[in-house]
Amino acid sequence: MIDGKTKILGVIGDPIEHTFSPAMHNAGLKALDLNYIYLPFHVKEEKLRECIEGAKAIGIRGLNVTIPHKTNVIKHLDEVDQVASMIGAVNTIQFNYNEFNESSSKDNDINVTTKGFNTDGYGCVRAIEEKTSIKDKKVTITGAGGAARAVAFQIANGGIAELSILNRNLSKAQSLADDLKTNLNGIGIDIDINAYDLDSLKGELSKSDIFIDTTPIGMYPNVDDKPIASADMLHENLLVNDIVYTPMETSLIREAKLANATVVPGYKMLLYQGIRSFEIWLGREAPVDVMEKALLDVLGI
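What comes next is a walk through the structure.

What counts and how
Residues numbered from 1 in each chain as written. Predicted model: local features only at pLDDT ≥ 70, side-chain atom pairs only at ≥ 80, totals over all residues. Heavy atoms only, no water. Axes fitted to C-alpha atoms, helices over the stretch in contact; angles between N-to-C directions. Helix = DSSP H or I, 4+ residues; strand = E, 2+ residues; numbered from the N terminus. Left-handed = near helix turned anticlockwise from the far one by under 90°. Contact = heavy atoms within 4.5 Å. Nonpolar A, V, L, I, M, F, W, Y, C, P; charged D, E, K, R; others polar. Expected span 1.5 Å × (residues − 1). Buried < 20%, exposed > 50% of the residue type's maximum accessible area, 1.4 Å probe, protein only. Pairing = 2+ DSSP bridges. Phe/Tyr/Trp six-rings, centres within 6.5 Å; stacked < 30°, edge-to-face > 60°. Salt bridge = Lys/Arg side-chain N within 4 Å of Asp/Glu carboxyl O. Parallel < 35°, antiparallel > 145°, perpendicular 65-115°, else oblique.

## Looking at the packing of helix α5 (residues 146–156) against helix α6 (residues 170–183)
Okay, so step 1: Two numbers describe how α5 lies on α6: the axes approach to 11 Å, and their chain directions differ by 35 degrees. In terms of crossing hand, the pair formed by α5 and α6 is right-handed. Counted together, Ala148, Arg149, Ala152, Phe153 and Ala156 of α5 and Leu176, Asp179, Leu180 and Asn183 of α6 form the full contact between these two elements.
Okay, so step 2: When its residues are assigned to classes, the contact of α5 with α6 shows six nonpolar, one polar and two charged.

Structure, rendered in structure tokens:
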């Protein structure tokens, strides 16, 4: 029951109609019997600053941030978590409200500060670690965009032994590798890059323990596209994670099953990045099973 005490969480983006987050978060809030509601907000890029200031003014407690605002929103925040700063993107904003100063009756004595986080990489790693530890593993990532950056920084911090980044634009892969080496100075892992072609990918996968595809290849409506030629490029000791979640069983996941590889579907990253946001905002453990069921329901799975 929404009333005058209901607190607001939400997600901002452009477009926003496709978001699955409200179903997941509202199910979690209901399960914990919290007087909160999670709403989607359509925010144009030129209105981003006004959005953040407006959110402070009306008492919003937390926001998720999706395309195209993850980078630009940083300049409108008071503080950014170290991991999010290294990645250069924020997908979660925490609003911290200091109460009225008792010695004054002025409304503007309420101090509101914002802090940005990036939970995308956390979501990916937590999904993988349901199946296997990433420690001392060789990981191959395809792609070098925003998702790849989030995953690469998180996974490099997790104790892996070696990271290979393959991307069609080699300079973009090099830029990501350079940023990792600069920001994770002394982390002690081998990082190499290569062009994203089938021969290079086949060579890397033959030596890899974990393969994470962060590209949109195979996403609806191009569901027959895949980043590999066939299951022969994979092996049974490989874990394959495709971060695409529409459809849940992408062409890559189907090929991975044919190769008897371990698979991690893309919706798991979406689930766990949301779980982490939920816990940042509320300071308590999220009801994972309830939120996962709600997400699967809205995805039609």
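## Quick notes on helix α9 (residues 267–282)
Okay, so step 1: The first and last C-alpha atoms of α9 sit 23 Å apart over 16 residues, in line with the 22 Å expected at 1.5 Å per residue.
Okay, so step 2: Most of α9 is tucked away: 15 of the 16 residues are buried.
Okay, so step 3: Of the residues one or two after α9, glycine 283 is the one with positive phi, at around 65 degrees.

## Thoughts on the pairing of strand β6 (residues 111–117)
Okay, so step 1: Here strand β4 (residues 79–80) pairs with β6 via two bridges, running parallel. Residue pairing across strands places valine 80 opposite glycine 116, the latter belonging to β6.
Okay, so step 2: Taken together, the seven bridges between strand β5 (residues 92–98) and β6 define a ladder with antiparallel strand orientation. Note on β6: the bridge partner recorded for phenylalanine 95 is threonine 114.

## Let's talk about the packing of aromatic side chains
Okay, so step 1: Using the criterion set out here, one finds two aromatic pairs in the structure.
Okay, so step 2: Relative to tyrosine 245, the ring of phenylalanine 20 lies with its centre 6.0 Å away and its plane at 75 degrees, an arrangement referred to as edge-to-face. Separated by 225 residues along the polypeptide, phenylalanine 20 in the loop between β1 (7–13) and α1 (21–31) and tyrosine 245 in the loop between β11 (239–242) and α8 (251–258) bring together distant segments of the chain.
Okay, so step 3: Residues tyrosine 38 and tryptophan 281 carry aromatic rings whose centres are separated by 6.1 Å and whose planes lie at 45 degrees to one another, so their mutual orientation is tilted.

## Structural notes on the pattern of salt bridges
Okay, so step 1: Inspection of the entire model under this criterion finds 14 salt bridges.
Okay, so step 2: Counted as one network, the salt bridges with shared partners bring together Glu53, Lys56 and Asp78.

## Things to note about helix α4 (residues 120–129)
Okay, so step 1: Counting buried residues in α4 gives seven out of 10 residues, a clear majority hidden from the surface.
Okay, so step 2: Of the residues making up α4, those classed as buried are Asp120, Gly121, Gly123, Cys124, Val125, Ala127 and Ile128.
Okay, so step 3: If you follow the buried residues of α4, they end up packed against α5, β10 (210–213), β11, β12 (262–264) and α9.

## Comments concerning the packing of α1 against α9
Okay, so step 1: The geometry of α1 relative to α9 is characterised by a closest axis approach of 10 Å and an angle of 45 degrees between their N-to-C directions. In this view, α1 runs oblique relative to α9, as classed from their interaxial angle. Between α1 and α9 the crossing geometry is right-handed. Within the contact between the two elements, α1 uses Met24, His25, Gly28 and Leu29 and α9 uses Leu270, Leu271, Gly274, Phe278, Trp281 and Leu282.

## With respect to the sheet that holds strand β9 (residues 190–195)
Okay, so step 1: With respect to topology, six strands assemble into an open sheet ordered β9-β8-β7-β10-β11-β12, the strand pairing being parallel. A single partner strand is all that each edge strand has here, and the edge strands are β9 and β12. Mean inter-strand twist for the sheet, computed between neighbouring axes without regard to direction, equals 15 degrees.
Okay, so step 2: As paired strands, strand β8 (residues 162–167) and β9 are joined by six bridges and run parallel to one another. When the sheet's bridge partners are listed, isoleucine 165 is paired in β9 with isoleucine 193.

## What to know about the sheet that holds β1
Okay, so step 1: Sheet architecture is open: six strands sit in the order β2-β1-β3-β5-β6-β4, paired in mixed fashion. With one partner strand each, in any of the chains shown, β2 (36–42) and β4 form the two edges of the open sheet.
Okay, so step 2: Alignment of β1 against strand β3 (residues 62–65), held across four bridges, turns out to be parallel. The residue of β3 that forms the bridge with leucine 9 is glycine 62.
Okay, so step 3: Each of β1, β2 and β3 is contacted by α1, which is oriented at about 165 degrees to β2, the strand it contacts most.

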